[in-house]
Amino acid sequence: VKIFLLLWKKTKMKKIIISTLFSIVYVFCTAQSESDIFGEWFNEEKDAVVTIYKDGNSISGKTTWLKEPLDSKGNAKLDLKNPDEKLRSRKRMGLKIMHSFKYSDEENIWEDGRIYDPKKGKLYGGTATLVNENELKLKGYIISMPFLGRTATWTRKTN
């Protein structure tokens, strides 16, 4: 304690200690964690909301809101474009469209996931990057060719 008080008296050391403390606080306040991605997200077209949640050792996402949940006959929209005929009777509302995304601590990215596009009936490999607390970049790609893909920006549902 005496050494600390002696160092504290020296103006230069005060600045170093204060700067170090502020740096540590800043890092802890701005660091993102695996759970920061959890919540409700509007897709790029804003015609669906996907709720992202922890699913075992990975994260998944399911459709929890559709702008147009009913077809022209007033029935719930189904997964009609699914290549597996047995799955075409699944309702689009509540459909799991993201799964198996694993968090990479080093780059704040969730990778090695799968994204299903019910509008096309296609399954893609995917990564998700949290740009900030309200913006998520999703990249979907042909599973065996991650260099061929498309990126979409999702926005957090805040109300």
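The structure reproduced in this document is the subject of the present report. None of the values given here were measured: they were computed from a predicted structure.

1. A closer look at the overall build of the protein chain
Along the backbone of the protein chain there are 2 helices and 8 strands. Ordering the α and β elements of the protein chain from the N terminus gives α-α-β-β-β-β-β-β-β-β. Per-residue burial over the protein chain gives 28% buried out of 159 residues. Considering only contacts in the protein chain between residues 6 or more positions apart, those separated by 24 or more positions represent 38%. Of the roughly 10,800 Å² of accessible surface on the protein chain, 58% is carried by carbon and sulfur atoms.

2. Looking at the packing of aromatic side chains
For the structure on display, the rule yields 2 aromatic pairs. A centroid spacing of 6.0 Å and a plane angle of 85 degrees characterise the contact between Phe 42 and Trp 65, whose relative ring orientation is edge-to-face. Placement of the pair is Phe 42 in strand β1 (residues 39-42) and Trp 65 in strand β3 (residues 58-66), with a sequence separation of 23 residues. Taking the relative accessible area as the measure of exposure, Trp 65 reaches 35% and is therefore partly exposed. A cation sits over an aromatic face here: Arg 90 above Tyr 116, 5.9 Å from the ring centre.

3. Considering the nonpolar core
Ranked by internal contacts, the top residues of the largest apolar core, which has 18 residues, are Ile 52, Met 98, Leu 136 and Trp 154. Of all the secondary structure elements, the ones that give two or more residues to this core are β2 (48-55), β4 (96-104), β5 (109-117), β6 (122-132), β7 (135-142) and β8 (145-156). Beyond its immediate chain neighbours, meaning those up to four positions away, Met 98 contacts Val 50, Ile 52, Ser 60, Gly 61, Arg 114, Leu 138 and Trp 154.

Parameters and conventions
Residues numbered from 1 in each chain as written. Predicted model: local features only at pLDDT ≥ 70, side-chain atom pairs only at ≥ 80, totals over all residues. Heavy atoms only, no water. Helix = DSSP H or I, 4+ residues; strand = E, 2+ residues; numbered from the N terminus. Buried < 20%, exposed > 50% of the residue type's maximum accessible area, 1.4 Å probe, protein only. Contact = heavy atoms within 4.5 Å. Areas by Shrake-Rupley, 256 points an atom, 1.4 Å probe, with all protein chains shown as cover. Phe/Tyr/Trp six-rings, centres within 6.5 Å; stacked < 30°, edge-to-face > 60°. Lys NZ or Arg CZ within 6 Å of the ring centre and 35° of its normal. Core = buried A, V, L, I, M, F, W, Y, C linked by side-chain atoms within 4.5 Å.

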